Amino acid sequence: MRAMRENDLHQHIFSRNTSLPERVTLGPGDDMGGVRIDGGQVLVTVDQLADGVHVDLRHTPLEKVGRKAITRNLSDVAAMAAVPVAAVVAVSLPRDFGEARANTLFDVMRDTASHYDCPLIGGDISMWDHPLLIAVTILARPPASGRCLGRQGARVGDVICVTGWLGGSLHALEGRVHHLDFEPRLRTAWALAEADPPPTAMIDLSDGLASDLARLCGASGVGAELWADRLPISPAARAASEHDGRAPWVHAVADGEDYELCFALPTAGAGPSLPGEIEGVPITAVGQVTAAGNGPRLTLRRPDGQVEALSESGWEHRGS
Ligand SMILES: [Mg+2]
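Here's what I pulled together on the structure shown here.

1. A short note on the overall build of the protein chain
Counting its regular elements, the protein chain contains eight helices and 14 strands. Expressed as lengths along the three principal axes of its C-alpha atoms, the size of the protein chain is roughly 60 × 55 × 50 Å. The burial tally for the protein chain puts 49% of its 320 residues in the buried class. Of the contacts made within the protein chain by residues no fewer than 6 positions apart, 78% connect residues no fewer than 24 positions apart. Counting every atom, the protein chain has about 15200 Å² of accessible surface; 51% of that belongs to carbon and sulfur. When the 28 positive and 41 negative side-chain charges of the protein chain are each reduced to one mean point, those points stand 3 Å apart.

Rendered as structure tokens:
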């Protein structure tokens, strides 16, 4: 049997979006879903954190696991420039997990959620014979501007920007591991939603720039060219590069779990006036939106000037 591909399953689900009732403002296929209730829009997202898949409890302090369960979802809230309102959490605990550790886990999730003004207001606990599984649901509202930023809307000629630094999220550097310690970019997202002009489309980087930009482009019906020599390469990506010999820019394009924002910004006249930084977070132009055409949706201009195709499902490493 052919291995199931997550992207194929997504396509199957998204293709059935046409019959949704009118109150649905955002159907499957974005970082959050949305419904209109009594005239106001409510956004919702759910994410799972599984031991052995997203974290490894053998090597990761429980405090970091609890934090990530919340911050990972908050990154999806940031991707829409939405404002978190409340969270609920369902946890399946291994039978031998122990009461003290369970208490620690719930304390950290509650404190992290509170820190982002997203109180934990309920949930469900069960015991089972499998590794720890945490499912967090967050409710949110639109930003002050009233306009959420989705994946659709990028236009040919828009500049593609990212926040922060990319790559090496699994590589420990100076006691920090980005995929556990990252800051969800909520404040930067809210500022972007208020910007003039605001981004035409936005997504958060959970699976890697190549994969997630392909999703934004797919939703917008456009293509994109990335500029390898413009990528903001994280110190951890450079360290990872020394470790495994892959070029630092390959890490920046391919590594997952950056939890940064990637957005398309309209070019005004001669060129975009990039803010440089927002809320202390650097903003870097890393490419441009192109027409979808018949060729590959995503291309990458390498530091040596060569242009190559990027796979829709992510980076296919070809020996650089
Ligand atoms: Mg996301």
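2. As for a nonpolar patch on the surface
A cluster of nonpolar side chains, namely Val 44, Val 85 and Leu 139, defines an oily patch on the protein surface of about 200 Å² accessible area. Position of Val 44 relative to the elements: it lies in strand E3 (residues 40–50). Look at Val 44 and you get partly exposed, because its relative accessible area is 35%.

3. As for the coordination of the magnesium ion
In the first shell of the magnesium ion, the protein supplies Asp 31 (OD), Asp 76 (OD) and Asp 204 (OD), at 2.0 Å from the metal. When the donors of the magnesium ion are listed by position in the chain, the intervening gaps give D-x44-D-x127-D. Of this pair, Asp 31 sits in the loop between strand E1 (24–26) and strand E2 (33–37) while Asp 76 sits in helix H2 (residues 62–79), placing them 45 residues apart in sequence. For the pair formed by Asp 31 and Asp 76, the shared burial category is buried.

4. A word on the state of the cysteines
Using the criterion set out here, one finds zero disulfides in the structure. Of the cysteine sulfurs around Cys 161, a residue in no disulfide, the closest is that of Cys 262, at 8.3 Å.

5. Digging into helix H6 (residues 209–220)
End to end, H6 covers 16 Å across 12 residues, agreeing with the expected 16 Å (1.5 Å per residue, within 8%). Of all the 12 residues making up H6, nine are buried; the element is thus mostly covered by neighbouring parts of the structure. Turning to H6, its buried residues number three or more, namely Leu 209, Ala 210, Ser 211, Asp 212, Leu 213, Ala 214, Leu 216, Cys 217 and Ser 220. Looking one or two places after H6, you find Gly 221, whose phi comes out positive at around 70°.

Rules used in this analysis
- Residues numbered from 1 in each chain as written.
- Predicted model: local features only at pLDDT ≥ 70, side-chain atom pairs only at ≥ 80, totals over all residues.
- Heavy atoms only, no water.
- Helix = DSSP H or I, 4+ residues; strand = E, 2+ residues; numbered from the N terminus.
- Buried < 20%, exposed > 50% of the residue type's maximum accessible area, 1.4 Å probe, protein only.
- Contact = heavy atoms within 4.5 Å.
- Areas by Shrake-Rupley, 256 points an atom, 1.4 Å probe, with all protein chains shown as cover.
- Lys, Arg positive; Asp, Glu negative; His and termini not counted.
- Charge placed at Lys NZ, Arg CZ, Asp CG, Glu CD.
- Patch = residues over 30% accessible without salt bridge, like charges linked within 9 Å, V, L, I, M, F, W, Y side chains within 5 Å.
- Salt bridge = Lys/Arg side-chain N within 4 Å of Asp/Glu carboxyl O.
- Donors = N, O, S within 2.8 Å, 3.2 Å for Na, K, Ca; no water.
- Disulfide = S-S within 2.5 Å.
- Expected span 1.5 Å × (residues − 1).

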